[in-house]
Amino acid sequence: MSALAEALVDLDAIVSNVRTIASVTGTGLMAVVKADGFGHGAVQVARSALRAGASWLGVTSSAEALTLREAGVTAPTLSWLHGPDDDFGMLIKGDVDVGVSTTTHLHAVADAARLLGVPAMVQLKADTGLSRNGAAGDDWPELVGWARKYEREGGIRVRGVWSHLADADLPGAPALGQQVAIFEEALRTARSAGLDPDLVHLANSAAALSAPRTRFDLCRIGIALYGVDPFGASGPGEFGLHAAMTLRTRVVNVKRVPAGTGVSYGPEHVTGAPTTLALLPLGYADGLPRATGGRASVWLAGRRCPIVGRIAMDQCVVDVGDLPVTIGDPVVVFGPGEGDQRPPTVVEWARWADTNPHEILTGIGARVAREHLHGRARNS
């Protein structure tokens with residue numbers, strides 16, 4: 001390992017997760033590779049997911065979609081979050097479907113298609129209760145009405161109708177059924193207006209695995225694609241997903257200190273007995289949440305050792321007690337598996353930070369080198 005820290009990405013785990021999820025859903029899958037593939041590498045993850053049988057890719061922005069195209073990834077792709085002045089012509093020329101939630105955006109897409117003389121592929125998003133993007137209330141009939149007008153004129157083709165769920169990771173939550181009902185009504189409105197979408201999709205990772213009524217034609221898989229159980233299991237969970245990322249580093253300094261030694265800023269931690277401190281070259285600029293100091297642990301010398309004191313921008317300190325640790329020893333920050341006799345998982349790091357695994361994975365900074373592997377990543 002030449003870098004101070006690296007994230008090992010097991011592409012075979014991505015393949016395995018796609019096949020596992022497909023066996024549950026029985027539908028087409030859209031692999032969501034936004035935010036650089038949740039920090040795993042969008043292009044590499046996209047290729048692996050497609051090889052495993054995913055039929056679509058999902059991204060947030062025009063830039064993310066065009067990055068895939070520039071890398072030679074030609075699979076059907078949906079991009080769903082845009083400013084009204086985005087260059088929709090680039091998406092149309094790149095054969096990227098445009099997610100549309102407002103008439104303002106729809107007019108802009110239709111104008112771009114008219115200038116190019118090429119119809120735009122559009123997927124209309126309904127707001128069914130998340131109250132973020134998507135059209136709700138009277139805005140939805142207006143949106144589908146304009147879409148049908150532009151479709152008759154040959155400027156667009158409405159390929160899909162979709163929405164997003166608010167709390168599918170809470171099995172039995174009443175809002176899930178309510179959202180499905182609202183979505184089905186929105187779909188009826190679209191079809192009554194004369195639209196005939198090829199694709200209808202609602203399910204995210206959690207719903208794809210647990211709520212058959214949400215599956216429709218396509219399921220969008222995000223966090224589960226990367227091997228994180230969407231219901232909070234710290235390991236493979238009941239669905240047997242495999243974590244794709246292992247974050248590791250090395251010890252860069254070791255010192256024996258007496259009782260009463262302050263550690264890092266503050267100090268917020270003072271040693272209670274003579275001990276050995278190991279310095280790791282990872283900090284909050286690399287994705288270790290500052291709030292996890294004093295809560296988190298890492299895998300070092302065959303056991304879990306606690307991070308003590310405040311996590312700094314570039315480094316943190318681990319209390320290894322009397323373990324025979326030396327400079328250069330390998331450290332696993334998080335990786336596959338579960339239980340105290342294994343390295344911590346990204347789910348555990350999320351709990352220590354009072355956040356979700358998505359934030360931990362996407363927060364791994366640019367200074368951390370990515371290495372893409374085939375075969376389960378080693379824990380050392």
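Residues numbered from 1 in each chain as written. Predicted model: local features only at pLDDT ≥ 70, side-chain atom pairs only at ≥ 80, totals over all residues. Heavy atoms only, no water.

Quick notes on the overall build of the chain
And step 1. The helix and strand tally for the chain stands at 11 helices and 19 strands.
And step 2. In terms of C-alpha radius of gyration, the chain reaches 24 Å, essentially the compact-globule figure of 21 Å for 380 residues.
And step 3. In terms of its C-alpha atoms, the chain occupies a principal-axis envelope of roughly 80 × 40 × 40 Å.
And step 4. Considering only contacts in the chain between residues 6 or more positions apart, those separated by 24 or more positions represent 66%.
And step 5. Accessible area of the chain: about 15,500 Å², with a carbon and sulfur share of 51%.
And step 6. Computed over 34 positive and 39 negative side-chain charges, the separation of the two mean positions in the chain equals 4 Å. (Helix = DSSP H or I, 4+ residues; strand = E, 2+ residues; numbered from the N terminus. Rg over C-alpha atoms; globule rule 2.2 N^0.38 Å. Contact = heavy atoms within 4.5 Å. Areas by Shrake-Rupley, 256 points an atom, 1.4 Å probe, with all protein chains shown as cover. Lys, Arg positive; Asp, Glu negative; His and termini not counted. Charge placed at Lys NZ, Arg CZ, Asp CG, Glu CD.)

Looking at the packing of helix H6 (residues 103–116) against helix H7 (residues 139–152)
And step 1. In contact at an axis separation of 10 Å, H6 and H7 are set at 10 degrees when each is read in the N-to-C sense. The pairing of H6 with H7 is recorded here as roughly parallel in orientation. Only Glu142, Leu143, Trp146, Ala147 and Tyr150 of H7 make contact with H6, whose side of the interface consists of Thr103, Leu106, His107, Ala110 and Arg114.
And step 2. The residue inventory of the contact of H6 with H7, partitioned by class, reads 6 nonpolar, 2 polar and 2 charged. (Axes fitted to C-alpha atoms, helices over the stretch in contact; angles between N-to-C directions. Parallel < 35°, antiparallel > 145°, perpendicular 65-115°, else oblique. Nonpolar A, V, L, I, M, F, W, Y, C, P; charged D, E, K, R; others polar.)

Looking at the state of the cysteines
By definition, a disulfide is the covalent link that joins the sulfur atoms of two cysteine residues.
And step 1. Tallied over the full model, the rule gives 0 disulfides.
And step 2. Left without a disulfide partner, Cys316 is nearest to the cysteine sulfur of Cys305, which lies 12 Å away.
And step 3. By relative accessible area, which is 1% here, Cys316 ends up buried. (Disulfide = S-S within 2.5 Å. Buried < 20%, exposed > 50% of the residue type's maximum accessible area, 1.4 Å probe, protein only.)

Examining the nonpolar core
And step 1. With 115 residues, the main nonpolar core has Leu68, Leu124, Trp140, Ile156, Leu225, Phe334 and Trp349 as its most contacted residues.
And step 2. Setting aside residues up to four positions removed in sequence, Trp140 forms contacts with Leu124, Lys125, Ala126, Ala135, Val161, Ala186, Thr189 and Ala190.
And step 3. Counting residues in each nonpolar core, the second largest holds 6 residues, with Val263, Leu277, Val308 and Val317 among its members. (Core = buried A, V, L, I, M, F, W, Y, C linked by side-chain atoms within 4.5 Å.)

Description of the environment of Ala147
And step 1. Relative to the helices and strands, Ala147 is located in helix H7.
And step 2. Residue contacts for Ala147: discarding those within four places in its chain leaves Leu106, Leu124, Ile156, Val158 and Leu195.

A word on the UniProt feature "active site" (unreviewed entry) in the chain
And step 1. As annotated in UniProt, the feature "active site" (unreviewed entry) corresponds to Lys34 and Tyr265 in the numbering used here. Judged by maximum C-alpha separation, these annotated positions cover 232 residues in sequence and are scattered in space, the widest gap reaching 35.5 Å.
And step 2. Topologically, Lys34 is positioned in helix H2 (residues 34–38).
And step 3. Lys34 has contacts with Gly58, Val59, Thr60, Glu64 and Trp80, leaving out every residue within four places of it along the chain.
And step 4. You can see Tyr265 is positioned in the loop between strand E12 (262–263) and strand E13 (269–270).
And step 5. If we skip the residues at most four places from it in the chain, Tyr265 touches Arg310 and Ala312. (UniProt positions renumbered as here; feature names shortened; annotations may be inferred.)

With respect to the packing of aromatic side chains
And step 1. Within the structure shown, the criterion is met by 6 aromatic pairs.
And step 2. Here the aromatic rings of Trp349 and Trp352 are separated by 5.5 Å at their centres, their planes lie at 75 degrees, and the arrangement is edge-to-face. Placement of the pair is Trp349 and Trp352 together in helix H10 (residues 346–353), with a separation of 3 residues, close to one helical turn.
And step 3. Here Trp352 falls in the buried class, since its relative accessible area comes to 17%. (Phe/Tyr/Trp six-rings, centres within 6.5 Å; stacked < 30°, edge-to-face > 60°.)

Quick notes on helix H8 (residues 174–192)
And step 1. Across its 19 residues, H8 extends 28 Å between first and last C-alpha, which sits within 8% of the 27 Å expected from 1.5 Å per residue.
And step 2. When H8 is considered as a whole, its buried residues turn out to be Leu176, Gln179, Val180, Phe183, Ala186, Leu187 and Ala190. For H8, the angular spread of buried residues about the axis comes to 125 degrees, placing them on one side. Turned more than 90 degrees away from the buried face of H8, the exposed residues are Pro174 and Ser192.
And step 3. Along its buried surface, H8 packs onto H7, strand E7 (156–162) and strand E8 (199–201).
And step 4. The positive-phi residue at the C-terminal boundary of H8 is Gly194, with phi of around 105 degrees. (Expected span 1.5 Å × (residues − 1). Arc of directions from axis to C-beta.)

Points about the packing of helix H1 (residues 11–25) against helix H3 (residues 42–52)
In a pair of packed helices, the angle between the axes and the distance between the axes together describe the arrangement.
And step 1. Between H1 and H3, the shortest axis-to-axis distance is 8 Å and the interhelical angle comes to 40 degrees. Compared by their axis directions, H1 and H3 come out oblique. Pair H1 / H3 crosses with right-handed handedness. Here Leu11, Asp12, Ile14, Val15, Val18 and Arg19 of H1 lie close against H3, whose contacting residues are Gln44, Val45, Ser48, Ala49, Arg51 and Ala52. (Left-handed = near helix turned anticlockwise from the far one by under 90°.)

Thoughts on the UniProt feature "modified residue: N6-(pyridoxal phosphate)lysine" (unreviewed entry) in the chain
And step 1. In the UniProt entry, the feature "modified residue: N6-(pyridoxal phosphate)lysine" (unreviewed entry) is given for Lys34.
And step 2. Classification of Lys34 by relative accessible area gives partly exposed; the value is 30%.

Here's the deal with the pattern of salt bridges
And step 1. Counted under the stated rule, the structure contains 14 salt bridges.
And step 2. The salt bridge partner of Glu151 is Arg148, with a shortest N-O separation of 3.1 Å. Within this pair, Glu151 and its partner Arg148 are both found in helix H7, separated by 3 residues, close to a single helical turn.
And step 3. Residue Arg148 is classed as partly exposed on the basis of its relative accessible area, which comes to 22%.
And step 4. Lys149 is paired through a salt bridge with Glu153; the nearest N and O atoms lie 2.6 Å apart.
And step 5. Classification of Lys149 as partly exposed rests on a relative accessible area of 31%.
And step 6. One network of salt bridges, with partners in common, ties together Arg148, Glu151, Arg157 and Asp198. (Salt bridge = Lys/Arg side-chain N within 4 Å of Asp/Glu carboxyl O.)

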